[in-house]
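So you can see what is in the structure, the chains are spelled out below.
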Amino acid sequence: MKKKWYDHLWIFSLTYLILGFLNILFAWLGLICFVVPLMISIGHGNKAYCNKYCGRGQLFSLLGGRFGLSRKHDMPKWMKSKYFRYGFLIFFFTMFFMMLWNTYLVFAGERTLAQKVTLLWTFKLPWHWAYHGTLVSDGVAQFAFGFYSVMLTSTVLGFVTMILFKPRSWCVYCPMGTMTQLICKAKHKEVKS
Amino acid sequence: MKRKAKVKKEQCVACGCCVKVCPRAAITVPMGICAVIDEQLCVGCGKCVKECPASIIELREVQE
Ligand code: SF4
Ligand code: SF4
Ligand code: SF4
């Protein structure tokens, strides 16, 4: 099949991870991967983001497929269940809002900036080399650290399940994927009734 | 007997991984809910079966 321009968006995903290593403020760019899929699903009622544009999915299929890093085994049943997928979505967004709250506290001056990236919501990794100060508020940098933590954590989880199971196993429980599918379901139910 | 791919709709996450590998462009994900395979186009090559991360596509024998 002929490759389309959007089949190369994995380069964007990879560049994003590298940029965040060099200057944490680039983490803000990751908002694109949150806003665009939501806009497409709310506006157009489909998952064109997943189906075509998502660079992260492409990166996993490249590494797991062409580079052969995946065992290509079936995922366990429970991981594909709605309980797990919806449960993970709720957990993911709970942690996301806690990150936003923490950012707010730094904005409000009640907490000082932590130059750390939190991996898997637990491990605090030093990341000070990527911080070169901000012109605005420390909160701007705090959000960047927090958001990069979310992106790195999901990449690591996706990478592990890529190795263990199929290349794009992450897509089965990816919160953005689950949420956009739910939005599409809700939208089309509305139309039908 | 011919073989055709069939999706277990209930478990589909609508990721579209199958769409990308189908050599016959037989798969679409209408309305972002689940994948649908056009039986007329499907040649039963099984590429989508291998690719689907949720492993919910199977090849079924159908009468011609
Ligand atoms: S499920 Fe997630 S990782 Fe997979 S294509 Fe959709 S947004 Fe990308
Ligand atoms: S079996 Fe082959 S032709 Fe049929 S839908 Fe799957 S990838 Fe396409
Ligand atoms: S790859 Fe599997 S889960 Fe994804 S859209 Fe196709 S059938 Fe559904």
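Everything quoted here is computed from the prediction, not taken from an experiment.

Novice: Requested: an account of the packing of aromatic side chains, with residues and values cited.
Specialist: Residue and element names in this part refer to chain A. Applying the stated criterion to the full structure yields 30 aromatic pairs over all chains. Seen in terms of ring centroids, Phe34 and Phe93 are 6.5 Å apart; in terms of plane orientation they differ by 70 degrees. Their pairing is edge-to-face. Here Phe34 is found in helix 2 (residues 32-44), whereas its partner Phe93 is found in helix 6 (residues 82-107), with 59 residues between them in sequence. The exposure class assigned to Phe34 is buried, which follows from its relative accessible area of 10%. On the basis of relative accessible area, Phe93 is assigned to the buried category, the value being 16%. Ring geometry for Trp101 and Tyr104: centres 5.3 Å apart, planes at 25 degrees, overall stacked. Of this pair, Trp101 and Tyr104 both sit in helix 6, separated by 3 residues, roughly a single helical turn. Residue classification places Trp101 among the exposed positions, given a relative accessible area of 53%. With relative accessibility at 44%, the residue Tyr104 sits in the partly exposed group.

Novice: So what about the layout of surface pockets? Which residues, and what values?
Specialist: Residue and element names in this part refer to chain A. Put simply, the largest pocket is a space of about 1,100 Å³. Counting residues per element, the lining of the largest pocket draws most heavily on helix 4 (residues 55-66), at 5 residues. Considered class by class, the residues forming the lining of the largest pocket number 15 nonpolar, 7 polar and 13 charged.

Novice: A description of the site of ligand 3 should follow, citing residues and the corresponding values.
Specialist: Residues and elements named next belong to chain B. Neighbouring residues of ligand 3: 13 residues in total, closest Cys12, Cys15, Gly16, Cys18 and Cys52. Applying the majority rule of atoms within 2 Å of the grid points places ligand 3 in the largest cavity. Among the residues forming the shell around ligand 3, the class breakdown is 12 nonpolar, 1 polar and no charged.

Novice: Got a sec to walk through empty space enclosed by the protein? Specific residues and values, please.
Specialist: Residue and element names in this part refer to chain B. This structure, assessed with the given rule, holds 2 cavities of 30 Å³ or more. As a volume, the largest cavity reaches approximately 100 Å³. Together, 15 residues line the largest cavity, and Cys12, Cys15, Cys18, Cys52 and Ile56 are the ones closest to its centre. Among the residues making up the lining of the largest cavity, the classes are represented as 14 nonpolar, 1 polar and no charged. Each pocket or cavity is described by its volume, and for the second largest cavity that value is around 80 Å³. Considering the residues around the second largest cavity, the lining is formed by 13 residues, among which Cys22, Cys42, Val43, Gly44 and Cys45 are closest to the centre. Classifying every residue of the lining of the second largest cavity by side-chain character gives 10 nonpolar, 2 polar and 1 charged.

Novice: Provide a residue-level description of the pattern of salt bridges, including the pertinent values.
Specialist: Per the counting criterion, the structure on display carries 3 salt bridges over all chains. Among the salt bridges present, the one from Glu10(B) reaches Lys82(A), with a minimum N-O distance of 3.3 Å. Here Glu10(B) is found in the loop between strand 1 (2-7) and helix 1 (17-21), whereas its partner Lys82(A) is found in helix 6 on a different chain. Glu58(B) is paired through a salt bridge with Arg60(B); the nearest N and O atoms lie 3.1 Å apart. For Arg60(B), a relative accessible area of 37% translates into the label partly exposed.

Reading guide: rules and limits
- In this convention, every chain numbers its residues from 1, walking through the sequence in written order.
- Whichever chain is written first is A, and whichever ligand is written first is 1; the rest continue in order.
- Side-chain atom pairs in this predicted model are given and counted only at pLDDT of 80 or more, local residue features only at pLDDT of at least 70, and totals for whole chains, interfaces and linings cover all residues.
- Derived side-chain values reflect all non-hydrogen atoms in the structure, with water molecules and hydrogen atoms excluded from consideration.
- By convention, a stacked pair of Phe, Tyr or Trp rings (six-membered ring in the case of Trp) has centres within 6.5 Å and planes under 30 degrees apart, an edge-to-face pair has planes over 60 apart, and any other such pair is tilted.
- Runs of H or I in DSSP of at least four residues are treated as helices and runs of E of at least two as strands, each being numbered from the N terminus.
- Burial classes: relative accessible area under 20% of the type maximum marks a residue as buried, over 50% as exposed, and values in between as partly exposed (1.4 Å probe, protein chains only).
- Cavity means a closed set of points on a 1 Å grid over the protein atoms alone, one where a 1.4 Å probe fits but cannot get out, pocket means an open set with protein on both sides within 12 Å along at least 5 of 7 lines, and lining means a residue has an atom within 4 Å of a point.
- Grid points are joined across faces, edges and corners, and a volume is the space filled by probe spheres set on the points.
- Classification convention: Asp, Glu, Lys, Arg as charged; Ala, Val, Leu, Ile, Met, Phe, Trp, Tyr, Cys, Pro as nonpolar; all other residues, Gly among them, as polar.
- If even one non-hydrogen atom of a residue comes within 4 Å of a molecule or strand, that residue is called near it.
- Any molecule with more than half of its atoms within 2 Å of a cavity's or pocket's grid points is counted as sitting in it.
- Between Lys or Arg on one side and Asp or Glu on the other, a salt bridge is scored when a side-chain nitrogen of the former is within 4 Å of a carboxyl oxygen of the latter.

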